[in-house]
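# Examination of the molecular architecture
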Amino acid sequence: MSLQAIGLTKRFFDSKRGEFNAVQSVSFECSKGEIFGLLGPNGAGKTTTLRMITTILKPTEGTALVNGFDVVKDPRQVRKQLGFVSADTGLYDRLTPREILTYFGKLSKYPKEKLQPRIVEIGNMLQMESFLDSRCEKLSTGMRQKVSIARAIVHDPPVIIMDEPTTGLDVLTSQVLHRFVIQCKEAGKCVVFSSHIMSEAEKLCDRMAIIHNGQVLASGTLEELRAESGMHYLEDIFLNVVKETVSDVR
Amino acid sequence: MLHGIIERLQDIATVAGKELRHSFRDSHVLIYTVFVPLVLYPAGLVSLSEYTLWREGLAETRPVRVAFMANGKENVPELIDVLKATKKVAVTESVDPMRELEEGKLEAVIDGTRAPEKIEVKLNPASDRFLESKMSILTHSFDARAQAMKKAVDAAGSNTPVNKVFQIATTSVGTVGGHKAGLRDMEVTAFSTTLILVAFYGYTMLIITVGAIYPALAAFTEEAEKKTKSTTYMLPIDRSTITIGKFLAVTMLTLLSGAVNFLSMGLVAVYFTWKMEWLKRALALALKQYNLETVVLLLIVFLLSTLLVAAIYSLIAASAKSFKEAQNISSLILMVVTILPMVALFPGWALDMKTAFIPILNMVLAAKSVVTDSVNPLIFCLACLENLLIAAVLLYMSQIIFWGKDPASSSAEQLAPTSISG
Amino acid sequence: MTSDDFEEIKVVFAKDLIEVLRDYRTLIVMIIMPVIIYPALLVLPSNIAQHVKHDYKNKRYNICLIGDSSPAIEFFRKAKVLTLTKVLEDGNPDKLLAAHVADIVVTFPQEFTAQLQTIPKQSPRVNIYYDARRDQNLLALAEVRLVLSQLRGKIVQQRLDALGIKTPQKYELTFSELKVENKKSLASEPVRNLLPFMLFTMLAVSIIYPALDVITGERERNTLPLLLMSATKRHNIMYGKCLVVFLIGFSALMIGLSSIYIFIQLAGQRADDLLVMKFPLDALLMCMLISIPLVVTLSSLSILLASWCKTFQQGQGYFVPFLFMAMGASSVCSLPELQLSSGVAFIPVVNTALSLKEVLAGHIDVLWLSISALVTMIFAVYVTYLASTILDSERLLYGVTDSRARRRLSGDYGLEIMLLCFTTFFLMFYVGQTLQGWDIIVGSLFTQVLVILLPAVALLKHLNLPLVKTMSLKAPHPLSFLGALLVTPLCILLSIGVYNLQSQIVPAPEAFTTMFTRLIMDNDKPLWLCLLGIAVAPGICEELLFRGAILGLVRPKLTPLQQCIFVGVLFGLFHMSVFRVAPTGVLGVVLTALTVWTGSIYPSMLVHILNNSAAILMGKYHLEETFVSYWPATVLLGLVGLVLLIKAKPKKSDRLPESLGT
């Protein structure tokens, strides 16, 4: 198993809400060559879950194993296995994409002699040759997102984690991204993908988990979810699952 | 017409109100307008007085060490007596004084071989106390000279009071407080004037360093940085209204910061002054100079310099793309702005036709002319006008720069700002 | 350190350097400020002074003489600064001044010439009239007085000659400097005093922006999570970034020092004799060399600071204190005769300031200079490492905090203690001073209750903590009272000893040492009231604040040793006096230890009351020397007391509780 989340819990405190669990005992698995989707509305706990897996946040309880390495006990090994894409991470404005990629490639210990060819390869794959050498401050949102993606995979990690990567992208760039995700799957990577766009999940994910208020409410392949709920479209399934818990709470 | 003006004023008030609320929820503004002044001055005062005491203790326990060359001693008995009598100098015996001087075991060696024509004092330029020793020995030599003279007169056995020649009395005309005062009062006046000027200078500096920058950043730069500028831009009110509203908020916060600073500074100064008799007299005299007129004039000067500072920082904040940029520029401005008014503290500098046109400096000098009761109405008004004008120009520039940078407003028609002089 | 580590540092260094250098603002800070502003700051004041002096020299003050001025007139004519506009037989000085005919009017008696020939019983009076509102008149006034004293000197000399008395013609000193040939790096005293201060300021200013850029910039742009997710060791990232800041800071410093050097060579020599600016090339080179470790340390400190900041705005806020700290560290140079070898070499940052001073004084002590460089470098490495641990703080990254209740439950009362200390300082300054200014004894009594006891009790009430348990208000083993009683003299001896030891470095002036005694002697209050206000009330209230509330709040988080040191140091600082920090600090440590050991606050109250009473009585009856001379007895008693205290150690169940939960 490439990635295993085991009972991940994260407690937050907010002066208005008091203490609450942003993520509560979230468990899921994702293996090589598989795309796993984490679906949920805004504030469901998707990002927090992914941050715990990427060792940026320490879980209050539970842990996750990435390629067999524990995020709590062996975070440095975990980091070597990961590539992370998110819409809200920034770029170094005064550097060029090529410089950024070289920097992260070197930091992630990608073999030096292979690094430049690798950057060219990624540049081709994501159609970013034209702006590889202009400073990031001059790039458009779509270009920047491509650089973010390229940065996440420059060291060819076995596990790729994407936190709502298509937020704010147009159809064309989203398309490039979707193609890229599928390419990763074909290359045998383990991809975890969070999104609140159902069509995207429907199209890409092999298996998925619906997460709401920090809890996993349902998980499985699309077929399994359809069978369970008796509905066809993921959006309906999602609304149904979320509504159930809302009424449960009431 | 009237309706339009009222509406505009209401808009300005709305914008200013929003900026004020916004600023007050920024912890930096609160820390720098309230917390720092209340704690900084007491802490500064305590450390300053502790440091002074420490230095005093050092001076008492570590006198300047002086040795005399063995064969000239009998020529300078008065100097030896005087130096022995003071605590701040220790006369020591030394076999080889020059070597000890070089080794830093002595601060000075006095060679009286050729006295009284020439008394040579040798000092070590590498010593920490080179200047201190020089000054100390020099001042004591005057006493020694007087003693030598007295000895000579006494030795002659004459009881004629040769020193009794004439008395000098000093009187000041048309002075402070309306009564004629003697020299002592002039010193006190000079002191109290300096005290007020330093306070005024400190005030300007403090509102510049801490009082104005955060409100200005919050009002202008934050719009750019937090990407709310385009929303503000699209509001159906005149853009100059927004700029003026923001500027007003900055001015008010700067005033508040200045007031808190002043209050705390005043409290601390009163504590400090009340502990020393001389200072107390000076302060009492300084306060006596104030009637309603001077207070009003001083307030005008304060208000104007606050306006100017607020305008300077508004311009900086409006022209900066990010906080970082604004802070970079402001540190340069700070350097210039802190050094300039320092000149006003030198005696002889007054508000005249030349200095009245140097911004910032002219305000400190205007304050000086008020506290020294030498206001020239024309020049004073000129200085005030010039300040107002500069503030208005800066505000106008902030208006152009702030909105001009927006890509959406690149068309010339939109760029032209309406009159802001109001 | 493996080659891998070096590689990582190199990668981070190269990237951040490129990034920083592409920022034009960095270049401004790096080049324009050092080249123009700093030399200007050094030379401008002296130039202004020169200018002002020049102004005075050329300035002419109009002067009017009224009355019989003939004996004095030649002296007034000779005076360069004064222009004699009118010499009148009779006139009204006020009118002349009002009409701006004269800046100063001097009136002489009508028979002045005759009066000077004889020695009358009543000396003739010379009046000087001037306008006090113009500050430059003070100079004219001084000049007039000088002229009159010349006249007086002449008359006296005439009289002495007439009497046939020979007085020493001259008693004048000439100063000469010792030739120092082996001290090539010797700079003149103004430069020595100013340069370290400028250097520190210069560095702080040039370093802070790059530091904020490379650290806070990552946070603000949200690139930090990615950096933290990379497989690189975090401290290596920090070392790389620190090197960038170092390089920028060092370049700025080199440029700044060089331009100061050039400026002094060009402009400095014009200053007058006393303030001559001398800054030899050797000194410049040594300064550059010595400042390397300093740049490293300040870089690491600024990195630490930047790691704490969420935004640039916050960074700017911390910048002023940082600058003050740097300036404060350089103030050590103003202490004469302090040398590196006295142990200062082991205090990072401060030691570099002192190194600079020593070198500029021409004194190069290679051993101690190297030691201080080494200490500073080690400190820098540690600080940078520390900064790397802050980098991934969840609070700073995403604002993740624990709830207040949870924090308190875990025994972390840091924030509350800070608040309490701040409130107490604030009240002490504003309320305490007022009260004590009103009446030293009764005011002190009120201060103790209102300023010291009240906030502490209020805080504990607010936190819902049990007073008795938190403040250790419980009866101890009876023997421990006896033990405390016997130990007291030893405590007093100890603080006297510490005070004397401290006086070696921080001597108190006489005004300070006699102040306390004067306060006691000068008031007419009965002795019992003095003891109540200055011994009993502090003994109770200060104990309840320090050994009660504060000790109670830190107990859950600190080990007993840490508790003693923390509360002791706080107690020392509370006295707000450099001369009392060490003795009261040590006393604080002992009192805390006593409370921790016996599990009760009462023994320490007893010791505190007795200690203060002893100070009053010894001050009043001048018993200190007598007391110290009985030291063997004191030590013996103290040992017996310690034995008793050891015997009185409470059982485990009676010890102070660690958790404070209600």
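For the structure itself, look to the data block above.
Structure report, in brief. (Residues numbered from 1 in each chain as written. Chains lettered and ligands numbered in written order. Predicted model: local features only at pLDDT ≥ 70, side-chain atom pairs only at ≥ 80, totals over all residues. Heavy atoms only, no water.)

### What to know about the overall build of chain B
Tallying secondary structure elements over chain B gives 15 helices and five strands in all. A buried classification covers 50% of the 422 residues belonging to chain B. Sequence separation of 24 or more characterises 72% of the internal contacts of chain B that already satisfy a separation of 6 or more. When the accessible surface of chain B is split by element, carbon and sulfur atoms take 68% of a total near 19,400 Å². (Helix = DSSP H or I, 4+ residues; strand = E, 2+ residues; numbered from the N terminus. Buried < 20%, exposed > 50% of the residue type's maximum accessible area, 1.4 Å probe, protein only. Contact = heavy atoms within 4.5 Å. Areas by Shrake-Rupley, 256 points an atom, 1.4 Å probe, with all protein chains shown as cover.)

### Looking at the sheet that holds strand β1 (residues 64-68) of chain B
The strand order β2(B)-β1(B)-β3(B)-β4(B)-β5(C) describes an open sheet built from five strands, whose pairing is mixed. The outermost strands of the open sheet, each flanked by one partner alone, are β2 (89-92) of chain B together with β5 (173-177) of chain C. Averaged over all adjacent pairs, the angle separating strand axes in this sheet is 30 degrees, with direction ignored. In this structure, β1 of chain B lies alongside β2 of chain B, joined through four bridges in parallel fashion. Looking at the pairing, Val66 of chain B lines up with Val91 of chain B of β2 of chain B. Sheet strands in contact with helix α3 (residues 77-85) of chain B are β1, β2 and β3 (108-111) of chain B together with β5 of chain C, and its direction is about 155 degrees off that of β1 of chain B. The sheet contacts of helix α5 (residues 130-155) of chain B involve β1, β2, β3 and β4 (119-123) of chain B together with β5 of chain C, and relative to β5 of chain C the element is tilted by about 165 degrees. (Pairing = 2+ DSSP bridges. Axes fitted to C-alpha atoms, helices over the stretch in contact; angles between N-to-C directions.)

### Quick word on the packing of helix α19 (residues 478-503) of chain C against helix α26 (residues 631-647) of chain C
Think of two packed helices as two axes; the pair is described by the angle between the axes and how far apart they sit. All names here are of chain C. Where α19 meets α26, the axes come as close as 7 Å, and the angle between the chain directions of the two elements is 145 degrees. Note that α19 runs across α26; the crossing there is left-handed. Contacts between α19 and α26 involve Leu479, Ser480, Leu482, Gly483, Ala484, Leu486, Val487, Pro489, Leu490 and Leu493 from the former and Trp631, Thr634, Val635, Leu637, Gly638, Val640, Gly641, Leu642, Leu644, Leu645 and Lys647 from the latter. Of the residues in the contact of α19 with α26, the class split is 15 nonpolar, five polar and one charged. (Left-handed = near helix turned anticlockwise from the far one by under 90°. Nonpolar A, V, L, I, M, F, W, Y, C, P; charged D, E, K, R; others polar.)

### Considering the pairing of strand β7 (residues 159-163) of chain A
Residues and elements named next belong to chain A. Within β7, five of the five residues are buried, which leaves it mostly tucked inside the rest of the structure. Looking at chain direction, strand β6 (residues 82-86) and β7 are connected through five bridges and run parallel. Its bridge partner being in β7, Leu82 is matched across the sheet by Val159. By the bridge criterion, five bridges tie β7 to strand β8 (residues 190-195) in an arrangement that is parallel. Within the sheet, the bridge partner assigned to Ile160 lies in β8 and is Val191. This β-α-β element, β7 to helix α6 (residues 171-186) to β8, shows right-handed connectivity. (Right-handed = clockwise from strand over helix to strand, strands pointing away.)

### Topic: the interface of chain A and chain C
Taken together, the contact between chain A and chain C spans 32 residues of the former and 36 residues of the latter. As a salt-bridge pair, Glu7 of chain C and Lys112 of chain A come within 3.3 Å of each other at their nearest N and O atoms. Connecting chain A to chain C are 13 residue pairs in polar contact (both at pLDDT 80 or more). Per-element accounting of the side of chain A that touches chain C gives the leading share, five residues, to helix α3 (residues 97-107) of chain A. Split by residue class, the side of chain A that touches chain C holds eleven nonpolar, five polar and 16 charged. (Salt bridge = Lys/Arg side-chain N within 4 Å of Asp/Glu carboxyl O. Polar contact = N/O pair within 3.5 Å; in protein donor to acceptor, adjacent residues only side chain to side chain.)

### Brief notes about the pattern of salt bridges
Going through the model one piece at a time under the given rule, you end up with 39 salt bridges over all chains. With its nearest N and O atoms 3.3 Å apart, the salt bridge here joins Glu19 of chain C to Arg221 of chain C. One end of the pair, Glu19 of chain C, is in helix α1 (residues 3-21); the other, Arg221 of chain C, is in the loop between α7 (189-220) and α8 (224-229), and 202 residues separate them in sequence. Residue Glu19 of chain C is classed as buried on the basis of its relative accessible area of 3%. One connected set of salt bridges, linked through shared partners, spans Arg94 of chain A together with Lys15, Asp16, Glu19, Asp23, Asp213, Glu218, Arg221 and Lys241 of chain C.

### Describing the nonpolar core
Grouped together as the largest cluster of nonpolar side chains are 239 residues, with contacts concentrated most on Leu3, Phe28, Ile53, Ile161 and Leu234 of chain A together with Leu257 and Phe279 of chain C. It is α7 of chain C that provides the largest number of residues to this core, a total of 16 residues. Not counting chain neighbours up to four residues away, the residues in contact with Leu3 of chain A comprise Phe28, Glu29, Cys30, Ile53, Leu65, Val159, Ile161, Cys190 and Val192 of chain A. Ranked by size, the runner-up nonpolar core spans 37 residues in total, among them Ala484, Leu553, Ile601 and Val607 of chain C. (Core = buried A, V, L, I, M, F, W, Y, C linked by side-chain atoms within 4.5 Å.)

### Here's the deal with the interface of chain B and chain C
Interface size is commonly expressed as the accessible surface area that is lost when the partners come together. The partner chain C presents 103 residues to the 108 residues of chain B that form the contact. Summed over both partners, the interface of chain B with chain C buries about 10,100 Å², with 63% contributed by carbon and sulfur atoms. Seen at the junction of chain B and chain C, the total is zero salt bridges. Viewed at the interface, chain C and chain B are joined by eight residue pairs in polar contact (both at pLDDT 80 or more). Sort the elements by how many residues they give to the side of chain B that touches chain C and helix α2 (residues 27-61) of chain B lands first, with 19 residues. Classifying every residue of the side of chain B that touches chain C by side-chain character gives 57 nonpolar, 24 polar and 27 charged. (Buried area = accessible area lost by both parts, 1.4 Å probe.)

### Quick notes on the packing of aromatic side chains
A full pass over the atoms with the stated rule returns 16 aromatic pairs over all chains. With centroids separated by 6.0 Å and ring planes inclined at 90 degrees, the aromatic side chains of Phe346 of chain C and Trp368 of chain C adopt a geometry described as edge-to-face. One end of the pair, Phe346 of chain C, is in the loop between α11 (312-330) and α12 (350-360); the other, Trp368 of chain C, is in helix α13 (residues 366-390), with 22 residues separating them in the sequence. Given the relative accessible area of 51%, Phe346 of chain C is considered exposed. Among the aromatic residues, those joined into a ring-pair cluster are Tyr92, Tyr103 and Phe104 of chain A. In this structure, Arg151 of chain A is placed above the aromatic ring of Phe104 of chain A, and the distance from its NZ or CZ to the ring centre is 5.5 Å. Above the face of the Phe166 of chain B ring, Arg152 of chain C is positioned so that its terminal group lies 5.1 Å from the ring centre. (Phe/Tyr/Trp six-rings, centres within 6.5 Å; stacked < 30°, edge-to-face > 60°. Lys NZ or Arg CZ within 6 Å of the ring centre and 35° of its normal.)

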